[in-house]
Amino acid sequence: MADESEVTASEIARLAGVGRAAVSNWRKRFTDFPQPIDGTDTSPRFRSAEILTWLEDQGKLGAESARELVWQRLAASGSDSVVDRVAAAGEYLAGRQPATDLDRRTREALDALAADWGAESAFDELCGRFVTANWRTMAVTTPELAEFMVGLAAPLGGSMFDPACGLGSVLRAAAQVKPGIAVLGQEFDAPLARLTAVRLAFSGADSTIETGDSLRRDAFPELRADAVVCNPPFNDRNWGAEELAYDQRWAFGLPPKGESELAWVQHCLAHLRRGGRAVLLMPPAAASRRSGRPIRAELLRRGAVRAIVQLPAGAAPPLGLSLQLWILEQPAEQMPDARVLFIDGTAGLAQRIDEVGWPAMRERVDPVWASFVADPGTVAEEAGRHTVRSVIDLLDDEVDLTPARYLRAAAELDVTALRTTQRSFAKLLAELAELLPDVQPTLADTSPKATVSIGELQRSGAVSIRQQTARMEVQPGGEGLPVYTARDIISGEPPAGRIAAEAECIAVLPGDVLVPTVLTSAAAVVVTEAGTALGPHVQLLRPDPNQIDSWFLAGFLRSRGSLQFASTMSGTRRIDVRRVEVPRIPIAEQRKYAAAFEVLARFDTTLARASNLGHQLTQSLTDGLAAGALTPPERPDRKPATS
């Protein structure tokens, strides 16, 4: 069955090196332009193969579109999977006969790409595009992580094995570090194994890649490699626990069904020569699950565990977890030094690897590991970062190998910053006392003021109301135009999102009043600066300053009285600002209310800042006392807490 890959009008424009408007014009002018097969009138989708043929026949492929053209050709046609076709493209670029047929136009496109990029770089680009298109379903080991793991496994010796090699990132890194090393791998997915073999062929490695389930169908039962580096599957309850119950690889204990990671640990150790080193990427739960305690204890007793390194989140899928590297050794005949190194690669750094950076990560870990390998006794503990513990200290009731469990909190404290925070907090408290307006109670016999709805003000031209209706792609931070969203207005924070500078939008002007359409509580802000855009789920009210004061209007929209005009729809509260009523009073009297409302808004903002700063100050003082960086005051007369 032919592949039904699709492309959008934007993707067609990229292929041709033109704007999207040109694609719309072609659809109108050329009767032979392919018809849409899916999508909508404003966002149609076309069959990739038909579009590629039309563009090539018309000579409309852009000069910079070689990579996109090759990718679309590989993804658009043929009965084989995309990974098979990418592998075939690699075989063709490497000068081999592809196991999967490639049509003439695809081969020509590959030749053009190779002429511009070089054969190996062209293939790397196609592999990168394949990973990008399938990142949700693939646990890809990035080149940076692969290089890091291979470095920890050094010295590599003459052979290295990866029993779950995926795209071969680890094996390729080893071949680059030590040319001539024999790299061996096994991969469950046959097309992926084929793709890995081609990648390694480009690097000139002496490689052997086998297909199959490594745990159930070990393709290298006699292999004893100098190093094993692996990013195994996580949380696999169908790894073969029952059928492999008597397998000889379980030298440290039978892995429970829910501990597939400990099965992989023992599989890797079983393929190491004595004294060989293994590095495995592991989920944090594997270090502490109760069911794995006996195996972890035996690994420790036999000297197989050398180090545990905690990584920042985002190092590899699942990206939200702070994963660990387990550094293991196949115990030699002589019992090794019974100590384990624990390193926290996140302490003092950002919590995500894209914020930390791999160079900083390696600078944190590599020297400590090298010192430990040379002589564990020379590694001095650094609070919060690394420590060395005796195996006997680890063999308690839990046998928890989580680094944070053994690392003392760093006693470092920036006293200058702490004092600055204390002064800022005191200043905010003083400002709060000055900000409350001196309002007076209204006399009881004062007759109620006449009111007017905002809808009536709109009809009279005193207020205009607008709302963003065009679809808008709001990105969190980065470059572009700041855009007000409902979240910003409710939180009272400046716009956090950004849109492309050229995007279609409604400009927000100073004096505009913004109200979210979906409410959790009454909320409205008055814009004070230009240069922002109106985001989704926000209503913009632009009063005529000669008739309606902005702060006067915002104050009544911020009052709980405005909530009586909200309705509940589909489980959410929505407000129709047109129904909200405000007093019908002259502009001069409005400005008295406006001044009070503006001061109250400043009070609310300052109160929120004081609250946040107070929590930050409390945490800093608590941490400093707990870590020994601060000394408690002498308070013998402290009164007991009362309820």
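Located above this text is the structure these notes cover.
The residue count restarts for each chain, going from 1 along the sequence in the order it is written. Per-residue local features of the predicted model are confined to residues with pLDDT of at least 70, and side-chain atom pairs are confined, for both listing and counting, to 80 or more; whole-chain, interface and lining totals are unaffected and use all residues. With hydrogens and water set aside, each side-chain value is computed from the structure's full complement of heavy atoms.

A. Examining the overall build of the protein more closely. When its secondary structure is counted, the protein shows 20 helices and 26 strands. For the protein, the C-alpha atoms occupy an extent of roughly 100 × 90 × 45 Å along the three principal directions. Burial classes follow relative accessibility: with a 1.4 Å probe on protein chains only, a residue under 20% of its type's maximum area counts as buried, one over 50% as exposed, and anything between as partly exposed. Within the protein, the fraction of its 643 residues that count as buried is 45%. Of the contacts formed within the protein by residues at least 6 apart in sequence, a portion of 69% connects residues at least 24 apart. Reported accessibility uses the Shrake-Rupley method at a 1.4 Å probe radius. Residues are deemed covered only where the shown protein chains occlude them. Carbon and sulfur atoms make up 50% of the accessible area of the protein, which totals about 32,700 Å². Neither His nor the chain ends is counted toward charge; the positive residues are Lys and Arg and the negative residues Asp and Glu. Charge coordinates come from a single atom per side chain, which is NZ of Lys, CZ of Arg, CG of Asp or CD of Glu. Across the protein, the 69 positively charged side chains and the 82 negatively charged ones have centroids separated by 4 Å. Counting from the N terminus, the helices are the DSSP runs of H or I reaching at least four residues and the strands are the DSSP runs of E reaching at least two. The criterion used for residue contact is that any of the two residues' heavy atoms lie within 4.5 Å.

B. View of helix H19 (residues 550-558). With eight of nine residues buried, H19 is to be regarded as a mostly interior element. Buried within H19 we find Ser-550, Trp-551, Phe-552, Leu-553, Ala-554, Gly-555, Phe-556 and Leu-557. Counting of polar contacts relies on pairs of N or O atoms within 3.5 Å, with two restrictions inside protein: one atom must be capable of donating a hydrogen and the other of accepting it, and residues adjacent in sequence are counted only when both atoms are side-chain atoms. The residue sitting at the N-terminus of H19 and contributing the capping side-chain oxygen is Asp-549; that oxygen lies 2.8 Å from the backbone nitrogen of Trp-551.

C. Summary view of the pairing of strand E11 (residues 339-344). In terms of residue burial, E11 counts as a mostly covered element, since five of its six residues are buried. Alignment of strand E9 (residues 305-310) against E11, held across four bridges, turns out to be parallel. Across the sheet, Gln-310 pairs through a bridge with Asp-344, a residue of E11. For two strands to pair, DSSP has to find at least two bridges joining them. With five bridges joining them, E11 and strand E12 (residues 386-390) adopt antiparallel strand pairing. Note on E12: the bridge partner recorded for Phe-342 is Thr-387.

D. Representation of helix H3 (residues 48-58) in the model. Among the residues of H3, Ser-48, Ile-51, Leu-52, Trp-54 and Leu-55 are the ones counted as buried. Along the axis of H3, the buried positions cluster into a sector of 165°, meaning they face one direction only. Among the residues trailing H3, Gly-59 stands out with phi positive, at a value near 65°. Throughout, the arc means that of the directions going from the helix axis to the C-beta atoms.

E. Broad picture of the side chain of Asp-400. Note that Asp-400 resides in the loop between helix H15 (391-394) and helix H16 (415-435). We define a salt bridge as a contact between a side-chain nitrogen of Lys or Arg and a carboxyl oxygen of Asp or Glu at a distance within 4 Å. No salt bridge is formed by the buried Asp-400; its nearest oppositely charged neighbour, Arg-405, is found at 4.0 Å. Leaving out residues up to four positions away in the same chain, Asp-400 has contacts with Ala-287, Ser-288, Arg-405 and Tyr-406.

F. Quick peek at the packing of H19 against helix H20 (residues 587-627). An axis is simply a line fitted to the C-alpha atoms; with a helix, the fit covers only the stretch in contact. Between two such axes, the angle follows the N-to-C directions and lies from 0 to 180 degrees. At their nearest, the axes of H19 and H20 sit 7 Å apart, and the two run at 60° to each other. Compared by their axis directions, H19 and H20 come out oblique. Handedness of the H19/H20 crossing: left-handed. On the side of H19, the interface is formed by Trp-551, Phe-552, Gly-555, Phe-556 and Arg-558, while H20 contributes Gln-590, Tyr-593, Ala-594, Phe-597, Glu-598, Ala-601 and Asp-604. Gly falls in the polar group here, along with every residue not listed as nonpolar (Ala, Val, Leu, Ile, Met, Phe, Trp, Tyr, Cys, Pro) or charged (Asp, Glu, Lys, Arg). The residue inventory of the contact of H19 with H20, partitioned by class, reads seven nonpolar, two polar and three charged. Here the angle decides the label: under 35 degrees means roughly parallel, over 145 means roughly antiparallel, 65 to 115 means roughly perpendicular, and every other value means oblique. The sense of a crossing depends on the near helix, which, turned anticlockwise from the far helix by less than a right angle, makes the crossing left-handed and, turned clockwise, makes it right-handed.

G. The side chain of His-271, seen in detail. Its location among the elements puts His-271 in the loop between helix H11 (260-270) and strand E8 (272-282). A polar contact is formed between the side chain of His-271 and the backbone oxygen of His-267, at a distance of 2.8 Å. Leaving out residues up to four positions away in the same chain, His-271 has contacts with Phe-161, Asp-218, Phe-220, Pro-221, Leu-223, Arg-224, Ala-225 and Val-228.

H. Fine view of the pattern of salt bridges. Under the criterion given, the structure shown has 22 salt bridges. With a shortest N-O distance of 2.5 Å, Arg-273 and Asp-226 are connected by a salt bridge. One end of the pair, Arg-273, is in strand E8; the other, Asp-226, is in strand E7 (residues 225-230), and 47 residues separate them in sequence. Glu-261 is the salt-bridge partner of Arg-289, the closest N and O atoms lying 3.2 Å from each other. One end of the pair, Arg-289, is in the loop between E8 and helix H12 (293-301); the other, Glu-261, is in helix H11, and 28 residues separate them in sequence. Just as Arg-289 is buried, Glu-261 falls in that class too. It is possible to trace a salt-bridge network through shared partners that takes in Asp-84, Glu-91 and Arg-194.

I. Representation of the environment of Ala-278 within the structure. Assignment of secondary structure puts Ala-278 in strand E8. In the structure, Ala-278 is positioned 305 residues away from Pro-583 in sequence and 76 Å away in space, judged by C-alpha atoms. When sequence neighbours within four positions are dropped, the list of residues in contact with Ala-278 reads Val-228, Leu-272, Trp-326, Ile-327 and Leu-328.

J. Spotlight on the sheet that holds strand E19 (residues 513-516). Taken in spatial order, the four strands make up an open sheet running E14-E23-E19-E21, and their pairing is antiparallel. With one partner strand each, in any of the chains shown, strand E14 (463-467) and strand E21 (525-526) form the two edges of the open sheet. One ladder, built from two bridges, connects E19 with E21; its direction is antiparallel. Following the sheet pairing, Val-513 is matched in E21 by Val-526. Those strands touched by H19 are E14, E19, E21 and strand E23 (538-543), and its axis lies near 15° from that of E19.

K. Main features of the environment of Ala-523. Relative to the helices and strands, Ala-523 is located in the loop between strand E20 (518-519) and E21. Ignoring anything within four residues of it in the chain, the contact list for Ala-523 reads Ile-489, Ile-490, Leu-514, Val-515, Pro-516, Leu-557 and Arg-558.

L. Up close: unusual backbone geometry. For the bond from Ala-154 to Pro-155, the omega torsion is 0°, close enough to zero to count as cis. Of note, Pro-155 is situated in the loop between helix H8 (143-153) and strand E4 (159-162). In the segment running from Pro-317 into Pro-318, the intervening peptide bond is cis, with an omega of -5°. Note that Pro-318 resides in the loop between E9 and strand E10 (324-329). We note that Val-399 has phi near 45°; this positive angle belongs to a residue other than glycine.

M. Fine view of the packing of helix H5 (residues 82-93) against helix H10 (residues 190-202). Packing of H5 against H10 leaves a shortest axis separation of 9 Å and a crossing angle of 25°. Of the possible angle classes, the one that applies to H5 and H10 is roughly parallel. The two elements H5 and H10 meet at a crossing, and its hand is left-handed. Residues Val-83, Asp-84, Val-86, Ala-87, Ala-88, Gly-90, Glu-91 and Leu-93 of H5 touch H10, and the partners they reach there are Pro-191, Leu-192, Arg-194, Leu-195, Val-198 and Phe-202. In the contact of H5 with H10, the residues fall into 10 nonpolar, one polar and three charged.

N. Spotlight on the sheet that holds strand E16 (residues 481-484). Spatially, five strands are ordered E15-E17-E16-E22-E18 in an open sheet, and the strand pairing comes out mixed. Only two strands of the sheet have a single partner each, and these edge strands are strand E15 (475-476) and strand E18 (507-508). Pairing between E18 and strand E22 (residues 532-534): two bridges, direction antiparallel. Across the sheet, Val-508 pairs through a bridge with Thr-532, a residue of E22.

What is shown is where atoms sit, not what they do.
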